[in-house]
Amino acid sequence: MEKGAEAICHVFITTKEKFHGFVDSEWQGSKGEKARDNGTAEEAKATCVEEPEVKKFKPDTEEGNKAGKPDSKRLRGQNKSRPHKKPTTYDEKRLCLSVIQENRECPFGDKCYFYHDIAEYMASKPADIGESCYLYDTFGKCPFGLCCRFAKAHTTPDFKTMENTDLVKAREGKIPVKNSLSKDLQYRLRKHSVAFEKSAEYLKTLSNNRDKKEQQGNGKSAQVLPSSTDKQPPVKTVGPLTDADVIKLRPCEKKQVDFRDKLYLAPLTTCGNLPFRRVCKRLGVDITCGEMAMCTNLLQGQQSEWALLKRHESEDLFGVQVEGCFPDTMTRCAELINNNTEVDFVDINSGCPIDLVYKKGGGCGLMTRTRKFEQIIKGMDYVLDVPLTVKIRTGVQEKSNMAHKLIPEMKNWGVSMITLHGRSREQRYTKLADWDYITTCSKLAGPIPLFGNGDILSYEDAMKAKETGVAGIMIARGALIKPWIFTEIKESRHWDISSGERLDILRDFSNFGLEHWGSDTRGVEKTRTFMLEWLSFMCRYIPVGLLERVPQKINERPPYYMGRNYLESLMASQNVGDWVRISEMLLGPVPKNFNFLPKHKANSYK
């Protein structure tokens, strides 16, 4: 066994050559008939697709690999030069919107680039992926109509789209996804016509107190926030003056959220999308949070950034995470979120380690700019009607912890909950999280709840973490490797999950992805891309029944091993081509010009 590799029963251990030889030969020989260990031949045949071109990684060093020597250099950071194709690339020519919308006249006439002949479009369209459409079966109507990659399920022979009126009526009035950016708000943000009244009040106090603070020479002096009761009502009232006219929300009357003893899914860039959070909700997570959003992009009305704030109806305790480095933009962003979205809390990201954010003074950089950090927290707390939380690291340098100095200060600034990742920015993931330091900080944080984060991959890890006295635990990579970890923690057991059950979880993700991103070619390929990013983490999971010692450790990489059936072996593959094969079982064959490389180099095992 190599150093740093997980201990697996020797009967399952194999070599890289034997592993890939088995996976490739079985796929070619069976044509997917072994796709499910407990499935029928018909089910396997339905998911059978042509084998994609096997994608192998190029060696990092030509000389070392020519000599047959393994490259000892560890893969770190991001694949910044990876192929980045837009979903539009895979949909060469679409049906014109005028045809989709009940044959209205096309404003572009003969110059229109898209199809107007439905029969011609259907002949050129890629083959349907499956016989049933998840959107039609769930909502009674598929909004993508003839463009849907499952169109046969809801299309008549004369190319008319069918509807299930009973399901449509049952879902009428329900809004499954909230916090979408309206066209009106987007227009006003771009024209800078959105009023930020409370932010203006707070920022005015900063400018008024700046000279006073410089004279006092004390950066920790308390700021005098404007009192809402000292102002006259903003509009003239008719009739008797009521308390509601002059009294606004006081800090003690803000929405209260009980964070204690809950499982918190970390805000995960790229992989922590809405479909993935829905999967985790089914598997037992309590608190979910949107992906990190840049405050400046939100204030500019960028649709792609606002998409990160979307909330599904199943997310009963949901927050959004914002990143910024200046009090004015962060305060305005908080007021914008407070007035236009439905969230239970807002989180400040002061733990992001990437250079793009840190060098601007955001993320981890805020921990070293305490005066700006204080102004940001106080300003956001002033404009929000929901709790404000903060996520931090131990510090910036590896051997210079500073969270213990910040936490007592943040209690006075208005923070409702703190999450501490037990690593520094400099350290990244090279060493284990420092839970002894988290224990020290949790005692300093009281009575404010402090959540611990780092290296939790089993219920035993979670139990040890709770013994440190933290109010709760946040799980990040552990949820990507095995999202059923929330079930394991709540049931206090190791779940020897079968490969078929894992494929069902991926099937749920694909269905949720088609609902979120669309069931046309663009939506299918976008769902596939995010699924492949997730599979680059999921392949690290080792089934409980194969381990020589339980539980699996997050810092020990899996060696090459044979699973108990073909699908289990396929899911253990560290090769991109095999991840593509798994996606093809659920989303059909990849387009001819499809290419994928995972975001993180550490996920690109050789």
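Remember, it's a predicted structure, so these values are computed and weren't measured experimentally. (Residues numbered from 1 in each chain as written. Predicted model: local features only at pLDDT ≥ 70, side-chain atom pairs only at ≥ 80, totals over all residues. Heavy atoms only, no water.)

It is worth spelling out the overall build of the protein chain at this point. Assigned secondary structure in the protein chain consists of 25 helices and 11 strands. Residue pairs in contact within the protein chain that sit at least 24 positions apart in sequence constitute 71% of those at least 6 positions apart. As displayed, the protein chain offers around 29800 Å² of accessible surface, 50% of which is attributable to carbon and sulfur atoms. (Helix = DSSP H or I, 4+ residues; strand = E, 2+ residues; numbered from the N terminus. Contact = heavy atoms within 4.5 Å. Areas by Shrake-Rupley, 256 points an atom, 1.4 Å probe, with all protein chains shown as cover.)

This part covers the packing of helix H17 (residues 403-413) against helix H18 (residues 435-445). Interhelical geometry of H17 versus H18 gives an angle of 20° and a closest axis separation of 9 Å. On the basis of their axis angle, the class for H17 and H18 is roughly parallel. The crossing of H17 and H18 is right-handed. Within the contact between the two elements, H17 uses Ala-403, His-404, Ile-407 and Lys-411 and H18 uses Tyr-437, Cys-441, Leu-444 and Ala-445. Taken together, the residues that form the contact of H17 with H18 break down as 6 nonpolar, 1 polar and 1 charged. (Axes fitted to C-alpha atoms, helices over the stretch in contact; angles between N-to-C directions. Parallel < 35°, antiparallel > 145°, perpendicular 65-115°, else oblique. Left-handed = near helix turned anticlockwise from the far one by under 90°. Nonpolar A, V, L, I, M, F, W, Y, C, P; charged D, E, K, R; others polar.)

All right, on to the UniProt feature "zinc finger region: C3H1-type" (unreviewed entry) in the protein chain then. Taking the numbering used here, the UniProt-annotated feature "zinc finger region: C3H1-type" (unreviewed entry) corresponds to residues 90-119 and 132-157. Measuring from the first to the last C-alpha atom of residues 132-157 gives 16 Å, for a span that is 23% helix and 0% strand. (UniProt positions renumbered as here; feature names shortened; annotations may be inferred.)

Below, the discussion takes up the side chain of Arg-423. Along the chain, Arg-423 falls in the loop between strand S9 (417-421) and H18. Arg-423 sits in the buried class, given a relative accessible area of 2%. Side-chain polar atoms of Arg-423 contact the backbone oxygen of Lys-431, separated by 2.8 Å. Every residue in contact with Arg-423, bar those within four places of it in the chain, is listed here: Arg-393, Thr-394, Gly-395, Arg-428, Tyr-429, Lys-431, Leu-432, Ala-433, Gly-454, Asp-455 and Arg-477. (Buried < 20%, exposed > 50% of the residue type's maximum accessible area, 1.4 Å probe, protein only. Polar contact = N/O pair within 3.5 Å; in protein donor to acceptor, adjacent residues only side chain to side chain.)

Once that is clear, we can look at the nonpolar core. Counting 148 residues, the largest nonpolar core has Val-346, Ile-348, Met-380, Met-410, Ile-473 and Leu-506 as its most contacted members. By size, the runner-up hydrophobic cluster in this structure holds 10 residues, among which are Leu-95, Tyr-115, Ile-118 and Tyr-121. (Core = buried A, V, L, I, M, F, W, Y, C linked by side-chain atoms within 4.5 Å.)

What follows is about the packing of aromatic side chains. A full pass over the atoms with the stated rule returns 13 aromatic pairs. Their ring planes at 55° and their centres at 5.8 Å tell us that Phe-19 and Tyr-560 sit as a pair that is tilted. Of this pair, Phe-19 sits in helix H1 (residues 16-30) while Tyr-560 sits in the loop between helix H23 (521-538) and helix H24 (566-571), placing them 541 residues apart in sequence. A relative accessible area of 1% means that Phe-19 is categorised as buried. On the basis of relative accessibility, which here comes to 16%, the residue Tyr-560 falls in the buried class. Between Trp-484 and Tyr-541 the ring centres are 5.0 Å apart and the planes differ by 90°, which places this aromatic pair in the edge-to-face class. Here Trp-484, found in the loop between helix H20 (477-481) and helix H21 (485-491), pairs with Tyr-541, found in the loop between H23 and H24; they are 57 residues apart in sequence, far enough to count as distant. Under the relative-accessibility criterion, Trp-484 is labelled buried at 0%. (Phe/Tyr/Trp six-rings, centres within 6.5 Å; stacked < 30°, edge-to-face > 60°.)

Glancing now at empty space enclosed by the protein. It is the rolling of a water-molecule-sized probe over the atoms that shows where space remains empty. Under the criterion given, the structure shown has 3 cavities of 30 Å³ or more. By volume, the largest cavity is sized at about 60 Å³. Together, Leu-457, Ser-458, Lys-482, His-494, Tyr-541, Ile-542, Val-544, Leu-547, Val-550, Pro-551 and Gln-552 line the largest cavity. In terms of residue class, the lining of the largest cavity is built from 7 nonpolar, 3 polar and 1 charged. (1 Å grid on protein atoms, 1.4 Å probe; cavity = no way out; pocket = protein on both sides within 12 Å on 5 of 7 lines; lining within 4 Å. Points joined across faces, edges and corners; volume = space filled by probe spheres on them.)

Let us now look at the pairing of strand S6 (residues 318-323). Burial within S6 is extensive, with 6 of its 6 residues counted as buried. Going residue by residue along S6, you find Phe-318, Val-320 and Val-322 tucked away on one face and Gly-319, Gln-321 and Glu-323 tucked away on the opposite face as well. Sheet topology places strand S3 (residues 288-289) next to S6; 2 bridges connect them, and they run parallel. Counted as the bridge partner of Cys-289 is Gly-319 from S6. Where strand S4 (residues 293-294) lies against S6, 2 bridges are found, and the strand directions are parallel. Bridging across to S6, Met-294 finds its partner in Glu-323. In this sheet, strand S7 (residues 345-350) lies alongside S6 in parallel orientation, the contact comprising 4 bridges. When the sheet's bridge partners are listed, Val-322 is paired in S7 with Ile-348. Read as a crossover between parallel neighbours, the route from S6 over helix H14 (residues 327-340) to S7 is right-handed. (Pairing = 2+ DSSP bridges. Right-handed = clockwise from strand over helix to strand, strands pointing away.)

All right, on to H18 then. A turn of α-helix holds 3.6 residues, and therefore any two residues three or four places apart point the same way. Of the positions making up H18, those classed as buried are Trp-435, Tyr-437, Ile-438, Thr-439, Cys-441, Ser-442 and Ala-445. Its buried side turned inward, H18 meets H17, S9, strand S10 (450-453), helix H19 (459-466) and strand S11 (472-475). The backbone nitrogen of Asp-436 has a side-chain oxygen 3.3 Å away, supplied by the residue at the start of H18, namely Asp-434.

Turning to unusual backbone geometry, a few remarks are in order. Geometrically, the link from Gly-446 to Pro-447 is a cis peptide bond, its omega value of 5° lying close to zero. The topology assignment puts Pro-447 in the loop between H18 and S10. Located in the positive-phi region is Asn-179, a residue other than glycine, with phi close to 70°. You will see that Ser-492, though not glycine, has its phi angle at about 50°, which is positive. Structurally, Ser-492 is set in the loop between H21 and helix H22 (499-517). Judged by relative accessible area, Ser-492 falls into the partly exposed class, the value being 41%.

Moving on: the packing of H22 against H23. For the pair H22 and H23, the least separation of the axes is 9 Å and the interaxial angle reads 145°. The element H22 and its partner H23 pack so that their crossing is right-handed. Across from Arg-502, Ile-505, Leu-506, Phe-509, Ser-510, Gly-513, Leu-514 and Trp-517 in H22, the residues of H23 making contact are Gly-523, Val-524, Lys-526, Thr-527, Phe-530, Met-531, Trp-534, Leu-535 and Met-538. For the contact of H22 with H23, the class distribution of residues is 11 nonpolar, 4 polar and 2 charged.

With respect to the element layout, Ile-8 can be found in the segment before H1. Sequence-wise, Ile-8 and Ile-542 are 534 residues apart; in three dimensions their C-alpha atoms are separated by 8.5 Å.

The subject of this paragraph is the pattern of salt bridges. Proximity of charged atoms lets side chains of opposite charge pair with each other. In the structure shown here, the tally under the stated rule is 27 salt bridges. The partner of Asp-355 in a salt bridge is Arg-425, with the nearest N and O atoms 2.4 Å apart. Taken together, the residues Asp-355 in helix H15 (residues 355-358) and Arg-425 in the loop between S9 and H18 connect sequence positions 70 residues apart. Judged by its relative accessible area of 37%, Asp-355 is partly exposed. According to the relative accessible area criterion, Arg-425 is buried, its value standing at 14%. One continuous salt-bridge network, built from bridges that share partners, spans Asp-24, Asp-578 and Arg-581. (Salt bridge = Lys/Arg side-chain N within 4 Å of Asp/Glu carboxyl O.)

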